[in-house]
Amino acid sequence: MHSTLSFSQATTVPTTNYAFHSQSPINLRFCGLRREAFGISILTRSSSGRVRLSTRGRSKRTSASTGNNGTPPKSFDYDLIIIGAGVGGHGAALHAVEKGLKTAIIEGDVVGGTCVNRGCVPSKALLAVSGRMRELQSEHHMKALGLQVSAAGYDRQGVADHANNLASKIRSNLTNSMKALGVDILTGFGTIVGPQKVKYGKVGFTDNVVTAKDIIIATGSVPFVPKGIEVDGKTVITSDHALKLEFVPDWIAIVGSGYIGLEFSDVYTALGSEVTFIEALDQLMPGFDPEISKLAQRVLINPRKIDYHTGVFATKITPARDGKPVIVELTDAKTKEHKDTLEVDAALIATGRAPFTYGLGLENINVVTQRGFVPVDERMRVIDANGNLVPHLYCIGDANGKMMLAHAASAQGISVVEQVTGRDHVLNHLSVPAACFTHPEISMVGLTEPQAREKAEKEGFEISVAKTSFKANTKALAENEGEGLAKLIYRPDNGEILGVHIFGLHAADLIHEASNAVALGTRIQDIRFAVHAHPTLSEVLDELFKSAKVEREALEALKVG
Ligand SMILES: Cc1cc2nc3c(=O)[nH]c(=O)nc-3n(C[C@H](O)[C@H](O)[C@H](O)COP(=O)(O)OP(=O)(O)OC[C@H]3O[C@@H](n4cnc5c(N)ncnc54)[C@H](O)[C@@H]3O)c2cc1C
Ligand SMILES: NC(=O)c1ccc[n+]([C@@H]2O[C@H](COP(=O)([O-])OP(=O)(O)OC[C@H]3O[C@@H](n4cnc5c(N)ncnc54)[C@H](O)[C@@H]3O)[C@@H](O)[C@H]2O)c1
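These numbers come from a predicted model, not from an experiment.

Parameters at a glance
- Residues numbered from 1 in each chain as written.
- Chains lettered and ligands numbered in written order.
- Predicted model: local features only at pLDDT ≥ 70, side-chain atom pairs only at ≥ 80, totals over all residues.
- Heavy atoms only, no water.
- Near = heavy atom within 4 Å.
- Polar contact = N/O pair within 3.5 Å; in protein donor to acceptor, adjacent residues only side chain to side chain.
- Areas by Shrake-Rupley, 256 points an atom, 1.4 Å probe, with all protein chains shown as cover.
- Helix = DSSP H or I, 4+ residues; strand = E, 2+ residues; numbered from the N terminus.
- Nonpolar A, V, L, I, M, F, W, Y, C, P; charged D, E, K, R; others polar.
- Buried < 20%, exposed > 50% of the residue type's maximum accessible area, 1.4 Å probe, protein only.
- Contact = heavy atoms within 4.5 Å.
- Domains from an automatic or database assignment.
- Buried area = accessible area lost by both parts, 1.4 Å probe.
- Salt bridge = Lys/Arg side-chain N within 4 Å of Asp/Glu carboxyl O.

Examining the site of ligand 1
Then, number 1: The immediate surroundings of ligand 1 are formed by 40 residues, with Glu107, Thr114, Lys124, Gly190 and Asp398 found nearest.
Then, number 2: At 2.6 Å, a side-chain N or O of Lys124 approaches an oxygen atom of ligand 1.
Then, number 3: Within the backbone of Gly190, an N or O atom sits 2.7 Å from a nitrogen atom of ligand 1.
Then, number 4: Contact with the protein chains hides 95% of the accessible area of ligand 1, taken as 1,000 Å² for the molecule alone.
Then, number 5: For the shell around ligand 1, the secondary structure elements donating two or more residues are helix 4 (87–98), strand 5 (103–107), helix 5 (113–118), helix 6 (120–137), strand 7 (189–194) and helix 12 (406–420).
Then, number 6: Split into classes, the residues belonging to the shell around ligand 1 amount to 18 nonpolar, 16 polar and 6 charged.

And the structure:
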C-alpha cells in the first residue's frame, strides 16, 4: 500500500495541472465532477503554461457576510465547514454534529463522492457478481461440494443496474443521515476566499459567502491518466467509466496492477474477458507484501485468462476508431525504448489517482500543493508555502495523499473534529487496514516485510515472521477454500505487531483483529490468549498469534504486570 503510493508520488502523480492537460471536456469527465453542476465551461492555458479557469455568466453575490478576504471574520456562520461531501467529509460531518458543532458541508456534484458513486460501492457490487460467477463456473469446486449446476450466465445490464442501484441507495443513506442530524448541505463549488471564509455556488453564477471557525478540505481525487493516453470513455476508459459496465470487451488491457487493476481483472475475467496487465514496475502488484503478491499471482493471475507485461509503461494509447482496435504502445521502463505494440478491444487506465484541488482557492491563503496534494502535518493541519500551519484549516482524505482509502479519509475527519473540539488526536496510519476485494481477498495492516526490515535495520532491532495457512483451517476447508496465507511481522523482543498480511477467503474482514490490536497497542503475548469461536476463519489469526515466538523477557514482564 505505502510503496504503491510512494511510487506514484515519485514518478507518476501529476501536478494539479495534469488532470486538465489535454482535451478539457474529457478531462472534466474524468473528474466525475459534472460540468453542469460546477458551471465550468472552459479550461485554458495561460502563456505561463498555467491552467486558467474561465466561467460563463455574470457573478452575482447573494450573501452579505463578506468583508476583506484577508481578515478573519469576528463571528461565524458555522463552527465547521467541510468542502466536499465524499466519505471523508461525511464522516467528519457526522462526528462534528455529535460533538455539538454547527456544521455545513459544501458539495459541488453529488453527495458520496468517489467511494459511493464511482469507487468502493459500485465496484464491490460488481465484485459480488464476479464472486458468484466464479463459484458457479467452477465445476471442480461445485463437484467437491457435491453440487450440480447448469451453465452460469449473466445479463450485463442487470449486473450494471445492481452496481448503479447500490450506489443510489448508499448515496441517499448518506444524504439522509446528514440531513437527519442537522448538517446543512450547501450545494455548489466551494472556494476558499480568505481565512475562515468560503464562497460556494454555481461557478460564475452565484457566490454565497459563509464563514466558519474551522474549515476542512475534503475534495478527494480523480483518475490519473498518464500523458499520451487518450481516454474516450468508450474503448479507453478509467474506473469512472468501467463501473457503468457499458460493455464487456473480449480482450482488455489493464494499465496498472494496483487495487483498481486487480479488482477489475477479477470482474472482467469472471464475465468472460481476457485481460493483459501492463505494469511499470518489475512485478505485478508491487504495492503488496512481496510474498503475498507472489501467492496472489499464483491464484489470481496464472490460472485465469490473464497475461502481463511488467517493467513497461503504456506510453501511448489510441482508442478504437474507423474499424481499428485500441492500440497500446509499450515502452521499456528502464531503457525507455519501444518494446511492443498491442491491439486490444479496450484499455482500462488504473495508474493511480490525482488529488482534486482545482479552483479551491489555495492561493488565497498562501498554500502551494505538492504534486497536487495539499500539504498537511500529522494532525491534518494545512501547511502554507512558508512551512507554517494555516490556522483553522485542515485537509483530509485523498486530497492530502496520506492514504487513499475511504475509511482513512473518514478516520482523518473524525480525528480533526476531535482536535477542534479540544482533544488532541493523532491518527496512527499504520493501524489503518486495507483490502483488495478479489476472489479470494487480500488484506493488510502496517508494514510489509521489506519495510519492516528497513525500519529494523535503521532503529537497531530484530524482526521475526510467522505464517499460518488456510489449509489447516476447518471452516476454510468446509467451504473448499483452503488456498490462503496469513503472515505476521513482529518484534520478538517485545511482541509488537509491525504488519499483518492475509490472502484468503474473507481476508478483508479477518484483518480487523490485527488492525485493532495495532491501534490499541496490544502485544502478541496478550492477544494470543484471546479466545476464538470454532470453527471460524478467525482461527487462522488465532493460530498466527499463537505461533509467534516472543522472547522470554517479554513474557516474564507480562507475568509481573
Ligand atoms: C474504483 C475505486 C474503488 C475503490 N474502492 C475502495 C474500497 O473498496 N475501499 C476503500 O477504502 N477505498 C476505495 N477506493 C478509494 C476511495 O474511493 C477514496 O479513498 C475515497 O473516496 C476518498 O474520499 P474523500 O472524501 O477524500 O474524497 P471523494 O470521495 O473523492 O469526495 C470528494 C468530494 O468533494 C467534492 N468536491 C471536490 N472539489 C469540490 C469543491 N471545490 N467544492 C465542493 N465540492 C467539491 C467532489 O464532488 C466529491 O464529492 C476506491 C476508489 C476507486 C476509484
Ligand atoms: N479496495 C480498495 O481499497 C481500493 C480499490 C480501488 C482503489 N483504491 C484506491 O484507489 C487508489 C488508486 O488505485 P489504482 O489501482 O489506480 O492505483 P495504485 O497506486 O494502487 O496502482 C497503480 C499501479 O499502476 C502502475 N503504473 C503507474 N503508471 C503506470 C504506467 N504509465 N504504465 C504502467 N503501469 C503504471 C503502478 O506501478 C501501480 O502498480 C489507490 O491508492 C487505492 O488506495 C482502493
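Quick notes on the environment of Gln419
Then, number 1: One can find Gln419 in helix 12.
Then, number 2: Taking the relative accessible area as the measure of exposure, Gln419 reaches 15% and is therefore buried.
Then, number 3: Among all residues touching Gln419, those that are not within four sequence positions of it are Arg379, Arg381, Tyr394, Asp424 and His425.

Some points on the domain arrangement of the chain
Then, number 1: Domain assignment breaks the chain into domain 1 (78–223 + 354–421), domain 2 (236–351) and domain 3 (429–558).
Then, number 2: Between domain 1 and domain 2, the contact holds 18 residues from the first and 18 residues from the second.
Then, number 3: Here domain 1 and domain 2 share an interface that buries about 1,500 Å² over both sides, 64% of which is from carbon and sulfur atoms.
Then, number 4: Here domain 1 and domain 2 share 2 salt bridges between them.
Then, number 5: Where Arg134 meets Asp266, a salt bridge forms, and the shortest distance between an N and an O atom there is 3.3 Å.
Then, number 6: Counting across the interface, domain 1 meets domain 2 through 8 residue pairs in polar contact (both at pLDDT 80 or more).
Then, number 7: Counting only elements with at least two residues in the side of domain 1 that touches domain 2, the list comes to helix 6 and helix 8 (156–181).
Then, number 8: Looking at which element gives the most residues to the side of domain 1 that touches domain 2, the answer is helix 6, with 10 residues.
Then, number 9: Across the side of domain 1 that touches domain 2, the residue classes break down as 10 nonpolar, 4 polar and 4 charged.

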